[in-house]
Amino acid sequence: MKKGYWFIILSAFLFSTMEIALKMVSTQFNPIQISFLRFFIGSILLFPLAMKSLRKRGISLSKSDFKFFLLTGFIFVVVSMTFYQLAILYCKASLVAILFSCNPVFVVTFAFFFIGEKLYKHTIISMVLSIVGMICILNPFNMTIGFMGIVFIIISSVTFAFYSVISNKRSEKFGGVVINCFTFLFGSLEMLVLILITKLSFVSSFFSSNGLKEFSNVPIFHGITLYNLPILAYISIFVTGLGFTFYTLAAQETSASTASIVFFIKPALAPILALIILKEAIEINTIIGIVFIIIGSVINFRATSKRSKPFINESGVNNSKVI
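## Topic: the packing of aromatic side chains
Two aromatic rings are characterised by how far apart their centres lie and by the angle between their planes. Under the criterion given, the structure shown has 18 aromatic pairs. Where phenylalanine 7 meets phenylalanine 246, the ring centres are 6.0 Å apart and the plane angle is 20°; that geometry is what we call stacked. Of the two residues, phenylalanine 7 sits in helix H1 (residues 3-16) while phenylalanine 246 sits in helix H12 (residues 229-253), which places them 239 residues apart along the sequence. Note on phenylalanine 246: relative accessible area 18%, which makes it buried. Judged by centre distance (5.8 Å) and plane angle (40°), the rings of phenylalanine 83 and phenylalanine 152 are tilted. Taken together, the residues span a long stretch of sequence, with phenylalanine 83 in helix H4 (residues 63-90) and phenylalanine 152 in helix H8 (residues 147-168) at a distance of 69 residues. Overall, phenylalanine 83 belongs to the partly exposed group, its relative accessible area being 21%. Take phenylalanine 152: its relative accessible area is 10%, and that puts it in the buried class.

Structure (structure tokens):
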């Protein structure tokens, strides 16, 4: 088997366990705290690969590049991943994994309006099937999912989609490893600043008095124990750091469209793992929704593969869904 496909298998497995691992520590860490820790550690792991990529391309980061990464870090790490973690706190891990995997619906919409990307027939069909799948999973006629959880997932998916589109503008210049590394690094540093602000007494009191205790006096290292340290290390090093690294290497060894197989394996594999590890039941409407989403993903993948060149830049942001 080509090593590119091994990278696909590894990244698909790691990404499919992300919501499960985060759910296991969701009550032991503040949502903002866990996002800061995992992306900061992940950026450190990616840093050597990013520097190697920059040297290979003969690129030195400019002031405008730093501003770009400040923007992508804020949108992805600070906003999208904070609401993503809040969604995991309020919803089942399998539900978050499935619905977040439908973010291409928003990616395609933003790409069409902001960068004029063409809408193909297969893309529209894939979007429609994904939306039908989401409706089946949410089951609006007998909804048992908390309203706030759904809101958090939607905000996270929309802001991630926006991040994907604006990142695409620099993907050819930097490549996926560099974009991911510096987005993680700058985003986690921005989050650290916000965490320190929440420790100010008047800020902490404001959030606490308004029912937003998750944003009040956010800890940095408090709560880390010998019991949850292995899970924290798994989330930071394996899921965030190695998961993105394997996915990027998969795109390099095969193509961006081939590597995107990862993201229609995830909606199928994540609920099964959640059932085994967290004992989360899989409802019949969820199974039907997963089928619609996978069919839509397969249609999009097959059509995109036919149009793809043998090699696409190492980012492939336009065709990928980053977690």
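There's plenty left to go through after this.
## Some remarks on the nonpolar core
Counting residues in each nonpolar core, the largest one holds 68 residues, and the members touching the most others are Phe69, Phe76, Tyr84 and Phe182. If you tally residues by element for this core, the top one is H4, at 11 residues.

## Some words on H4
Compared with an ideal rise of 1.5 Å per residue, which puts 28 residues at 40 Å, H4 spans 39 Å between its outermost C-alpha atoms and is within 8% of the ideal. At methionine 81, H4 shows its strongest bend, of approximately 30°.

## Some words on the pattern of salt bridges
Summed over the entire model, instances satisfying the criterion amount to 1 salt bridge. For lysine 173, the salt bridge identified is with aspartate 65, shortest N-O distance 3.0 Å. Of this pair, lysine 173 sits in helix H9 (residues 171-174) while aspartate 65 sits in helix H4, and the two are 108 residues apart along the sequence. With a relative accessible area of 38%, lysine 173 lands in the partly exposed category. Overall, the relative accessible area of 1% leaves aspartate 65 in the buried class.

## Focus on the confidence of the model for the protein
Residue-level pLDDT values for the protein average 79, and 80% of them are 70 or greater. The lowest-confidence element of the protein is helix H13 (residues 256-259), averaging 60 in pLDDT; the highest-confidence one is helix H10 (residues 176-198), averaging 91.

## Overview of the side chain of threonine 240
Note that threonine 240 resides in helix H12. Engagement of the side chain of threonine 240 in a polar contact is seen with the side chain of arginine 38, the distance being 2.9 Å. At a separation of 2.9 Å, a polar atom in the side chain of threonine 240 contacts the main-chain carbonyl oxygen of isoleucine 235. With sequence-adjacent residues up to four places away left out, threonine 240 is seen in contact with Arg38, Phe39, Gly42, Phe184 and Ile235.

## Considering a nonpolar patch on the surface
Together, Phe74, Val193, Leu194, Ile197, Leu200 and Phe202 make up an exposed nonpolar region whose accessible area comes to about 550 Å². The element contributing the most residues to the nonpolar patch is H10, with 3 residues. With respect to the helices and strands, phenylalanine 74 occurs in helix H4. Relative accessible area serves as the criterion here: at 40%, phenylalanine 74 is assigned to the partly exposed category.

## Concerning the environment of leucine 14
Its place among the elements puts leucine 14 in helix H1. Linking leucine 14 and phenylalanine 238, residues 224 residues apart in sequence, is a C-alpha distance of 7.0 Å. If near-sequence neighbours (up to four positions away) are discounted, leucine 14 is found in contact with Tyr234, Phe238, Val239, Leu242, Gly243 and Phe246.

## Regarding unusual backbone geometry
Although it is not a glycine, asparagine 217 sits at a positive phi angle of roughly 45°. Along the polypeptide, asparagine 217 turns up in the loop between helix H11 (201-209) and H12. A relative accessible area of 41% means that asparagine 217 is categorised as partly exposed.

## A few points about the packing of H4 against H10
Between H4 and H10, the shortest axis-to-axis distance is 7 Å and the interhelical angle comes to 70°. With respect to their mutual orientation, H4 and H10 come out roughly perpendicular. In this structure, the crossing between H4 and H10 has a hand that is right-handed. Contact residues: Phe66, Phe69, Leu70, Thr72, Gly73, Phe74, Phe76, Val77, Val78 and Thr82 in H4; Val178, Ile179, Phe182, Thr183, Phe184, Phe186, Gly187, Ser188, Glu190, Met191 and Leu194 in H10. A breakdown of the residues in the contact of H4 with H10 according to their chemical character gives 14 nonpolar, 6 polar and 1 charged.

## Notes on the environment of isoleucine 135
Mapped onto the elements of the fold, isoleucine 135 is located in helix H7 (residues 121-138). The class of isoleucine 135 is partly exposed, set by a relative accessible area of 44%. Put simply, isoleucine 135 and leucine 99 are 36 residues apart on the chain and 9.9 Å apart in space, counted from C-alpha to C-alpha.

What counts as what
Residues numbered from 1 in each chain as written. Predicted model: local features only at pLDDT ≥ 70, side-chain atom pairs only at ≥ 80, totals over all residues. Heavy atoms only, no water. Phe/Tyr/Trp six-rings, centres within 6.5 Å; stacked < 30°, edge-to-face > 60°. Helix = DSSP H or I, 4+ residues; strand = E, 2+ residues; numbered from the N terminus. Buried < 20%, exposed > 50% of the residue type's maximum accessible area, 1.4 Å probe, protein only. Core = buried A, V, L, I, M, F, W, Y, C linked by side-chain atoms within 4.5 Å. Expected span 1.5 Å × (residues − 1). Bend = angle between axes of the 7 residues up to and from the residue. Salt bridge = Lys/Arg side-chain N within 4 Å of Asp/Glu carboxyl O. pLDDT = per-residue confidence, 0-100. Polar contact = N/O pair within 3.5 Å; in protein donor to acceptor, adjacent residues only side chain to side chain. Contact = heavy atoms within 4.5 Å. Patch = residues over 30% accessible without salt bridge, like charges linked within 9 Å, V, L, I, M, F, W, Y side chains within 5 Å. Areas by Shrake-Rupley, 256 points an atom, 1.4 Å probe, with all protein chains shown as cover. Axes fitted to C-alpha atoms, helices over the stretch in contact; angles between N-to-C directions. Parallel < 35°, antiparallel > 145°, perpendicular 65-115°, else oblique. Left-handed = near helix turned anticlockwise from the far one by under 90°. Nonpolar A, V, L, I, M, F, W, Y, C, P; charged D, E, K, R; others polar.

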